[in-house]
Amino acid sequence: MCPAASGRGVSTEVYPLRATTTARGLAGFALVGASALILAGCAAPPEEDAGTDAGSDFLACAVSDEGSWNDKSFNEAAYDGLTKAKDDLGIETNDAESDDTEDFVPNLTQMVDAGCDVTFAVGFNFSDGSLEQIAGENPDSHFVWIDGYDLGTGNVKPIQYSMDQSSYLAGYLAAAYSTTKVVGTYGGLDIDAVNVFMEGFYYGAKAYETETGTPVTVLGAPVDGPGQYTDPATSFQDAAGALSITEGQLAQGADVIFPVAGGLFASTAEAIQKSGKNAVFLGVDKDVAVTSPEYADLVLTSVEKRMTTAVFDVISELADGGEFTVDPYIGTLENDGTALSDFGSFDSKVSNEIKAKLEEIKAGIIDGSIVPVPAS
């Protein structure tokens, strides 16, 4: 649990869519529109004194997806933005952790009752109807939904990411680095916000295949067939499932694995270590080699969803008197909302040729000449 501090009578501190027909339609809209959208809420942090004076009466809040704030991944990245705003802007914060989706409504209600100026709902799983319910019942409250979409309530701002872009780079890198030319991926849950990573990874690896003429097998991606996922009943907490999937992919020859499953990368690391194989994995959401240095010797790179920056920027704009809007905040390669992490201990093992190729691909994605995931 995160530490608590005083504030307003409560303990404080702090896609593209593809899973359904409706989601696919939204996905196309998000991808086409992303390049034209300006990052609403993206403003330079105010001077320290001004920020403290302006933000001291501002209360920013957050409700986690399933799992803890210290998951070393998705939830933690969002929480870091909240604490950065508290430290840099002098605002107050409040938060609630969700053990499962049944906690969403009471946790969101707690934030409304606390008088939060803005509440972040962290994760696509708030599409279960909880956020729409609470936002609809409280039209004067403002919400920001990470990995969400426009609910039509007039008070929910989506934060979205073109994660197919950075995942495409990761797939190309994985295929180039692999000696077996078998790479794998799996998800914590069969939802849009997860599948977009896995699909981008698949097409990036296949781009390497097309360019070099070297066949590459991609295991687990929801493209040629059903994807591989952990148990939906426990999803991002299914350590045993993640271990089993990784063991299966290693047995099929995979030597680079991309777990899109929050903190379950630890299970992938465990499976690799037990196998004795010369395999590596890719982190997700945060730079896992930094946040979990015990695995640094296994982390080729990480596909970062820079939620910390997005959360901080939105709070900074609002705390400085900016108007709340429901315009999406879109994280892309171009605005540095998503990116590959540094290669860390693998830097010398990634050739200058591949590094230059990744920069070339990045430029192509930014200028539109490369489309990471083809329209379906």
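Looking at an unreviewed UniProt entry, the chain carries the name BMP family ABC transporter substrate-binding protein, with the source organism given as Amnibacterium flavum. In its Subcellular location (unreviewed entry) section, the UniProt record describing the chain reads: "Cell membrane". Quoted verbatim from the Sequence similarities (unreviewed entry) field of the UniProt record, the comment on the chain reads "Belongs to the BMP lipoprotein family."

## Focus: the pairing of strand 6 (residues 182–187)
The buried fraction of strand 6 amounts to six of the six residues, a majority that puts the element mostly inside the structure. Side chains of strand 6 alternate between two faces, with Val182, Gly184 and Tyr186 and Val183, Thr185 and Gly187 buried alike. Sheet analysis places strand 6 next to strand 7 (residues 217–219), joined by three bridges and oriented parallel. Its bridge partner lying in strand 7, valine 183 is registered against valine 218. In terms of strand pairing, strand 6 meets strand 8 (residues 256–260) through five bridges, oriented parallel. Each residue of the ladder has a partner; that of valine 183, found in strand 8, is valine 256.

## Things to note about the packing of helix 4 (residues 104–113) against helix 5 (residues 130–137)
Where helix 4 meets helix 5, the closest approach of the two axes is 9 Å, and the angle between their N-to-C directions is 30°. In terms of orientation, helix 4 and helix 5 fall into the roughly parallel class. When you trace helix 4 past helix 5, the crossing you get is right-handed. Facing Phe104, Val105, Leu108, Thr109 and Val112 of helix 4, the residues of helix 5 in contact are Ser130, Leu131, Gln133 and Ile134. Here the residues of the contact of helix 4 with helix 5 sort into six nonpolar, three polar and no charged.

## A closer look at the packing of aromatic side chains
Enumeration according to the criterion identifies 12 aromatic pairs in this entry. Aromatic pair tyrosine 177 and phenylalanine 346: ring centres 6.0 Å apart, planes at 80°, arrangement edge-to-face. Of this pair, tyrosine 177 sits in helix 6 (residues 163–177) while phenylalanine 346 sits in the loop between strand 12 (338–340) and helix 12 (352–367), and the two are 169 residues apart along the sequence. Given a relative accessible area of 23%, tyrosine 177 falls into the partly exposed group. Since its relative accessible area comes to 3%, phenylalanine 346 is described here as buried. For the ring pair tyrosine 202 and tyrosine 203, a centre distance of 5.1 Å and an interplane angle of 85° mean the geometry is edge-to-face. When its relative accessible area of 8% is taken as the criterion, tyrosine 202 is described as buried. Members of the aromatic cluster, connected to one another through ring pairs, are Phe124, Trp145 and Tyr149. Note that lysine 84 overlies the ring of phenylalanine 312, its terminal NZ or CZ placed 4.7 Å from the centroid.

## Concerning the sheet that holds strand 8
The sheet built from six strands is open, its strands ordered 7-6-8-9-10-12 with mixed pairing. Both edges of this open sheet fall to strand 7 and strand 12, since each of them pairs with a single strand only. Taken pair by pair, the neighbouring strands of this sheet meet at an average axis angle of 15°, ignoring direction. Across the sheet, helix 6 touches strand 6, strand 8, strand 9 (280–285), strand 10 (299–305) and strand 12, and the angle it forms with strand 10 is around 170°.

## So, the packing of helix 6 against helix 12
Interhelical geometry of helix 6 versus helix 12 gives an angle of 155° and a closest axis separation of 10 Å. Here helix 6 lies roughly antiparallel to helix 12, going by the angle between them. Note that helix 6 runs across helix 12; the crossing there is right-handed. For the pair formed by helix 6 and helix 12, the contact residues are Gln165, Tyr168, Leu169, Tyr172, Leu173 and Ala176 on the first element and Ile354, Lys357, Leu358, Ile361, Lys362 and Ile365 on the second. When its residues are assigned to classes, the contact of helix 6 with helix 12 shows nine nonpolar, one polar and two charged.

## Quick look at the sheet that holds strand 3 (residues 118–122)
Adjacent strands of a sheet pair through backbone hydrogen bonds, lying either parallel or antiparallel. Ordered by their spatial adjacency, six strands build an open sheet running 2-1-3-4-5-11, and the pairing between neighbours is parallel. Two strands close off the open sheet at either side, each with one partner strand: strand 2 (92–98) and strand 11 (329–331). Across the sheet, the mean angle separating the axes of adjacent strands is 15° when strand polarity is ignored. Here four bridges tie strand 1 (residues 59–66) to strand 3, and the two strands are oriented parallel to one another.

## What about the environment of valine 223?
One can find valine 223 in the loop between strand 7 and helix 8 (239–251). Taking the C-alpha atoms as reference, valine 223 lies 7.7 Å from tyrosine 202; in sequence the two are 21 residues apart. In contact with valine 223, not counting residues within four places along its chain, are Glu199, Tyr202 and Tyr203.

## Considerations on the pattern of salt bridges
Enumeration according to the criterion identifies 11 salt bridges in this entry. Between aspartate 147 and lysine 305 there is a salt bridge, with the nearest N and O atoms lying 2.7 Å from each other. On the criterion of sequence distance, the pair formed by aspartate 147 in the loop between strand 4 (143–146) and strand 5 (156–161) and lysine 305 in strand 10 is long-range, its members being 158 residues apart. Each member of the pair, aspartate 147 as well as lysine 305, carries the same accessibility label: buried. Aspartate 336 serves as the salt-bridge partner of arginine 306, at 2.6 Å between the closest nitrogen and oxygen. Taken together, the residues span a long stretch of sequence, with arginine 306 in the loop between strand 10 and helix 11 (307–319) and aspartate 336 in the loop between strand 11 and strand 12 at a distance of 30 residues.

## A short note on helix 5
Among the residues of helix 5, those classed as buried are Ser130, Leu131, Ile134 and Ala135. All buried residues of helix 5 fall inside an arc of 120° around its axis, so they share one side. Residues of helix 5 that are buried in the fold lie against helix 4, strand 3, strand 4 and strand 5.

About the cut-offs
Residues numbered from 1 in each chain as written. Predicted model: local features only at pLDDT ≥ 70, side-chain atom pairs only at ≥ 80, totals over all residues. Heavy atoms only, no water. UniProt positions renumbered as here; feature names shortened; annotations may be inferred. Buried < 20%, exposed > 50% of the residue type's maximum accessible area, 1.4 Å probe, protein only. Helix = DSSP H or I, 4+ residues; strand = E, 2+ residues; numbered from the N terminus. Pairing = 2+ DSSP bridges. Axes fitted to C-alpha atoms, helices over the stretch in contact; angles between N-to-C directions. Parallel < 35°, antiparallel > 145°, perpendicular 65-115°, else oblique. Left-handed = near helix turned anticlockwise from the far one by under 90°. Contact = heavy atoms within 4.5 Å. Nonpolar A, V, L, I, M, F, W, Y, C, P; charged D, E, K, R; others polar. Phe/Tyr/Trp six-rings, centres within 6.5 Å; stacked < 30°, edge-to-face > 60°. Lys NZ or Arg CZ within 6 Å of the ring centre and 35° of its normal. Salt bridge = Lys/Arg side-chain N within 4 Å of Asp/Glu carboxyl O. Arc of directions from axis to C-beta.

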